[in-house]
Amino acid sequence: MESEHRVSTLELFFDLVFVFTITQLTVLLADDLTPRGAGQVVLIFTVLFWMYGGYAHLTNQVPPDRTVRRVLLMLAMGAFLVCALAVPTAFGAGGIAFGLGYLLVVLVHGALFTQAHGRGVLWFALPNVLCALSVTAAGFFDGLPAWGLWMLALLLQFVTPVVVQRVAASGAAEPEAAEVAETVETVEGPGQTVGDQLGGMNAAHLVERHGLLLIIVFGESVIAIGIGVGSLPLSLGIAGGAFLALTIASAMWWMYFVRDEGRAEEVFERTPAERRFKLAMVAYYYAFLPMLLGIAVFAAGVKKTIGHLGEHLHTGPAVALAGGVALYLAGDLAFRAALGIGPARYRAAALVLALATVPVGTSWTGAGQLVALACVLVGALAAEGRRSPAEPAEEAAATEAVTGSG
């Protein structure tokens, strides 16, 4: 049984600052509901969420229980705040400020990990620095060169976990890697390698930290309702639209927190330590990316729709409403698949039906599309609640396949 390791209030404070970046991305997307705007939001958030995951992993292994660690974590919070403030102009005048803020985020992360694990962190700290430098360099350019440098940063992030896992598996076969491994053993004790560091994750803390992040992001979707209403008079229609938007957000909350979160912790607790890093990458990075982005995209759609509920929607807001829900469901399905949680068919059907509501908004009204989305999600949850008795056995077999040592 693992020792209890819960999320600290400083980590929650850190998350509140980080989520401001999502608020800014929602504003950015609402102001530019085009493929270009969506592409910028995806690139910015993917790069930022990589380092959020890095800090979640960091505090999982290196709790902020000392003054130096707390101060450094607060410094990283300030750097994330700079990034958030620069988000609206990250592909323009604010690009350099964003890049320098991100570089500080990366350097503090590496310093904190080095304090606990020695030079073994170089396998992922150096690529993170190169990624930050690429983003900073993008601030000096416009157009395709800037987009190319952002894509390079993204490539470095996706390659890094593959390299680190291969180093962990090979035991650092090359001479330079052997020297690093030897140094790590000196700092941490015999037999302590990069692989040991990656696997040393506390399941309860990992699941709780990401669950708290998700609930804070859901809070941003509620704020979007208020921003969308603005100074409009609170009519019966506006109140009804706000209620519908909250119903959709609540259904998305239900899908993760009522069933998936508790089972995710059980799966991680049963997963051998050496397999936890890979599972965490799939479940809480690759799958969580579309879930979090989906909430932000839905919030942008609500912001543009809430004041025009009785009108035909333009394509952008209608696609944002439906696409945000669909993105969230796609991420949730990937999350469940990674952890062996079922059933999947109801949520897969809901994803398709959610996308099918776009013509409802463009041909009828925004209120009609919100009603349709609410019916789709509530219907999927109701159908899932009446699933056949045979499915728990199938789910248990899938979970065993995920947690088995292979």
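Residues numbered from 1 in each chain as written. Predicted model: local features only at pLDDT ≥ 70, side-chain atom pairs only at ≥ 80, totals over all residues. Heavy atoms only, no water.

Caption draft 1: Seen up close, the overall build of the protein. Counting secondary structure elements, the protein contains 17 helices and zero strands. Buried residues in the protein amount to 54% of all 406 residues. Restricting to contacts in the protein with at least 6 residues of sequence separation, those with at least 24 account for 82%. (Helix = DSSP H or I, 4+ residues; strand = E, 2+ residues; numbered from the N terminus. Buried < 20%, exposed > 50% of the residue type's maximum accessible area, 1.4 Å probe, protein only. Contact = heavy atoms within 4.5 Å.)

Caption draft 2: The packing of aromatic side chains, seen in detail. Tallied over the full model, the rule gives 28 aromatic pairs. Ring centres 5.4 Å apart and planes at 80° place the aromatic pair Phe-18 and Phe-80 in the edge-to-face group. Taken as a pair, Phe-18 in helix 1 (residues 9-31) and Phe-80 in helix 3 (residues 67-86) lie far apart in primary sequence, 62 residues in all. Residue Phe-18 is classed as buried on the basis of its relative accessible area of 0%. Their ring planes at 75° and their centres at 5.8 Å tell us that Tyr-256 and Phe-288 sit as a pair that is edge-to-face. In this pair, Tyr-256 is assigned in helix 10 (residues 236-270) and Phe-288 in helix 12 (residues 288-305), connecting sequence segments 32 residues apart. For the pair formed by Tyr-256 and Phe-288, the shared burial category is buried. In textbook terms, an aromatic cluster arises when at least three aromatic residues are bridged by ring pairs, as seen for Phe-14, Phe-18, Phe-45, Phe-49, Trp-50, Tyr-52, Tyr-55, Phe-80, Phe-158, Tyr-285 and Tyr-286. (Phe/Tyr/Trp six-rings, centres within 6.5 Å; stacked < 30°, edge-to-face > 60°.)

Caption draft 3: Local environment of helix 13 (residues 315-339). Between its terminal C-alpha atoms helix 13 stretches 35 Å, which fits the 36 Å expected from 25 residues at 1.5 Å a residue. The element helix 13 is extensively covered by neighbouring structure, given that 18 of its 25 residues are classed as buried. Taken from the residues just after helix 13, Gly-340 is the one with a positive phi, measuring 75°. (Expected span 1.5 Å × (residues − 1).)

Caption draft 4: Region of interest: a nonpolar patch on the surface. A surface patch of nonpolar side chains, about 400 Å² in accessible area, is lined by Ile-96, Leu-100, Phe-140 and Phe-141. With respect to the helices and strands, the residue Phe-140 is situated in the loop between helix 5 (122-138) and helix 6 (143-170). (Patch = residues over 30% accessible without salt bridge, like charges linked within 9 Å, V, L, I, M, F, W, Y side chains within 5 Å. Areas by Shrake-Rupley, 256 points an atom, 1.4 Å probe, with all protein chains shown as cover. Salt bridge = Lys/Arg side-chain N within 4 Å of Asp/Glu carboxyl O.)

Caption draft 5: Local environment of unusual backbone geometry. Between Gly-342 and the following residue, Pro-343, the backbone shows a cis peptide bond with an omega angle of 0°. Among the secondary structure elements, Pro-343 is positioned in the loop between helix 13 and helix 14 (345-355).

Caption draft 6: Up close: the environment of Leu-75. Mapped onto the elements of the fold, Leu-75 is located in helix 3. By relative accessible area, which is 40% here, Leu-75 ends up partly exposed. Once the C-alpha coordinates of Leu-75 and Val-108 are considered, the two residues, 33 residues apart in sequence, prove to be 7.6 Å apart. Once you skip the residues sitting within four places of it in the chain, Leu-75 turns out to touch Leu-104 and Val-108.

Caption draft 7: Region of the structure containing helix 2 (residues 35-61). Relative to the 39 Å expected for 27 residues at 1.5 Å per residue, helix 2 spans 39 Å between its end C-alpha atoms, a close match to the ideal helical length. Within helix 2, 21 of the 27 residues are buried, leaving the element largely enclosed by the surrounding structure.

Caption draft 8: Examining the pattern of salt bridges more closely. Scanning all chains against the criterion turns up 12 salt bridges. Arg-347 is the partner of Asp-332 in a salt bridge, and the nearest nitrogen-oxygen pair spans 2.6 Å. Highlighted residues: Asp-332 in helix 13 and Arg-347 in helix 14, separated in sequence by 15 residues. The exposure classification of Asp-332 matches that of Arg-347, with both residues buried. Note that Glu-384 is salt-bridged to Arg-347, the shortest N-O span being 2.7 Å. Of this pair, Glu-384 sits in helix 16 (residues 366-385) while Arg-347 sits in helix 14, and the two are 37 residues apart along the sequence. Classification of Glu-384 as buried rests on a relative accessible area of 3%. A single salt-bridge network, built from bridges that share partners, covers Arg-259, Asp-260, Arg-263, Asp-332, Arg-336, Arg-347 and Glu-384.

Caption draft 9: Spotlight on the side chain of Ser-134. Looking at the element boundaries, Ser-134 is found in helix 5. Owing to a relative accessible area of 5%, Ser-134 belongs among the buried residues under this scheme.

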